[in-house]
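Structural features, examined
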Amino acid sequence: MSAQEMMERLAKVIDAHRWDELPALLHPEFSCLYVHTGETFDRDSWVRTNAEYPGFQNLRLLDCIADNERAAGRGHVTGTSDGELQHFEVATFITLRDGLIVDMTEVWADVDLTPPAGARPQS
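Attention in this report is confined to the structure presented alongside it.

Looking at the layout of surface pockets
- What the largest pocket holds in volume is close to 580 Å³.
- Around the largest pocket sit 33 residues that line it, and Y34, N50, F56, V77 and W108 are the ones nearest its centre.
- Contributions of two or more residues to the lining of the largest pocket are made by α1 (3-15), α2 (43-51), β3 (56-66), β4 (70-81), β5 (84-97) and β6 (100-110).
- Per-element accounting of the lining of the largest pocket gives the leading share, eight residues, to β4.
- Residues that form the lining of the largest pocket fall into these classes: 17 nonpolar, twelve polar and four charged.

This is the structure:
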């Protein structure tokens with residue numbers, strides 16, 4: 001499976017909440033870095049974090065650029081918190097080894113935020 005196909009497969013499995021299928025996509029030496037929090041997860045802890053994330057609804061893969069062993073994807077995630085629908089964007093970068101994801105980096109961001117005062121040029 002190419003990195004493009006793997007990114008698409010990963011997104012489909014997560015979107016469908018098929019948590020039992022996630023470990024089969026991940027190399028035994030899998031590691032994931034969340035840049036926004038500085039956390040690093042191994043295969044089991046990353047699967048568990050996804051499976052137990054409160055309020056998660058869906059993931060749509062919006063874009064993916066890849067070569068044979070590496071891919072960068074941009075996704076839109078929705079979930080609920082306190083009954084409110086929330087939207088997030090995630091950039092995911094994967095590297096394959098032996099046809100499985102061995103390395104992943106994710107960068108998460110809230111959407112619909114207002115830039116801080118003075119952060120944009122005045123017209």
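What to know about the nonpolar core
- Of all hydrophobic cores here, the largest spans 28 residues; its most connected members are L10, I14, L22, W46, I94, I101 and M104.
- At the level of elements, α1, β1 (26-34), α2, β3, β4, β5 and β6 are the ones that each hand at least two residues to this core.
- Dropping the residues within four chain positions of it, L10 is found in contact with L22, L25, W46, I101 and M104.

A few points about a nonpolar patch on the surface
- Among the surface-exposed residues, L33, V35, F93 and V107 lie close enough to one another that they form a single nonpolar patch of about 290 Å² accessible area.
- Along the chain, L33 turns up in strand β1.

Side note on the pattern of salt bridges
- Scanning all chains against the criterion turns up five salt bridges.
- With a closest N to O distance of 2.9 Å, E21 and R9 form a salt bridge. Of this pair, E21 sits in the loop between α1 and β1 while R9 sits in helix α1, placing them twelve residues apart in sequence.
- The partly exposed category is assigned to E21, whose relative accessible area is 25%.
- Relative accessible area serves as the criterion here: at 32%, R9 is assigned to the partly exposed category.
- When the shortest N-O distance is used, the salt bridge between R18 and E21 registers 3.0 Å.

Considerations on the side chain of E106
- Structurally, the position occupied by E106 is in strand β6.
- Buried and unpaired, E106 has R70 as its nearest opposite-charge partner, separated by 14 Å.

Points about the packing of aromatic side chains
- Per the stated rule, a full pass over the model turns up four aromatic pairs.
- When the ring of F88 is compared with that of W108, the centres are 6.4 Å apart and the planes differ by 75°; the resulting orientation is edge-to-face. One end of the pair, F88, is in strand β5; the other, W108, is in strand β6, with 20 residues separating them in the sequence.

Some remarks on the sheet that holds β6
- Strand order in this open sheet of six strands is β2-β1-β6-β5-β4-β3, and the pairing throughout is mixed. Strands at the two margins of the open sheet, each flanked by one partner only, are β2 (39-42) and β3. With strand direction ignored, the average angle separating the axes of adjacent strands in the sheet is 20°.
- In this structure, β1 lies alongside β2, joined through four bridges in antiparallel fashion. In the sheet register, C32 faces β2, and the bridge partner there is F41.
- Against the sheet, α1 makes contact with β3, β4, β5 and β6, and its axis sits at roughly 170° relative to β3, the strand it touches most.
- The strands touched by α2 within the sheet are β1, β2 and β6, with β1 carrying the most contacts at an inclination of about 60°.

Calculation criteria
- Each chain carries its own residue numbering, running from 1 in the written order of its sequence.
- Predicted model: local features are reported for residues with pLDDT of at least 70 only, side-chain atom pairs are reported and counted for 80 or more only, and whole-chain, interface and lining totals are derived from all residues.
- To get the side-chain values, take all heavy atoms of the structure and skip hydrogens and water.
- Two kinds of site are reported from a 1 Å grid over the protein atoms alone, namely cavities, where a 1.4 Å probe fits but cannot get out, and pockets, open sets with protein on both sides within 12 Å along at least five of seven lines, and residues are called lining when an atom falls within 4 Å of a point.
- Grid points are joined across faces, edges and corners, and a volume is the space filled by probe spheres set on the points.
- Secondary structure elements are defined from DSSP: runs of H or I of at least 4 residues count as helices, runs of E of at least 2 residues count as strands, and each element is numbered from the N terminus.
- When residue character is reported, Ala, Val, Leu, Ile, Met, Phe, Trp, Tyr, Cys and Pro are called nonpolar, Asp, Glu, Lys and Arg charged, and the others, Gly included, polar.
- Grouping buried Ala, Val, Leu, Ile, Met, Phe, Trp, Tyr and Cys residues that are joined through side-chain atoms within 4.5 Å yields what is termed a nonpolar core.
- The buried label goes to any residue with under 20% of its type's maximum accessible area, the exposed label to any with over 50%, and the partly exposed label to all in between, with areas taken from a 1.4 Å probe on protein chains only.
- Contacts are assigned to residue pairs with any non-hydrogen atoms lying within 4.5 Å of each other.
- Here, patches come from residues exposed beyond 30% relative accessible area and free of salt bridges, joined within 9 Å for like charges and within 5 Å for nonpolar side chains (Val, Leu, Ile, Met, Phe, Trp, Tyr).
- In these tables, accessible area is a Shrake-Rupley quantity obtained with a 1.4 Å probe, and a residue counts as shielded only by the protein chains included in the view.
- Salt bridges are defined by distance alone: a side-chain nitrogen of Lys or Arg within 4 Å of a carboxyl oxygen of Asp or Glu.
- In this charge count, Lys and Arg are treated as positive and Asp and Glu as negative; neither His nor the chain ends contribute.
- Centres within 6.5 Å make a pair out of two Phe, Tyr or Trp rings, where for Trp the six-membered ring is used; the pair is then stacked when the planes are under 30 degrees apart, edge-to-face when over 60, and tilted otherwise.
- Any two strands are treated as partners once DSSP identifies two or more bridges connecting them.
- Axis angles are defined between N-to-C directions and span 0 to 180 degrees, where every axis is a line fitted to C-alpha atoms and, for a helix, only to the segment in contact.

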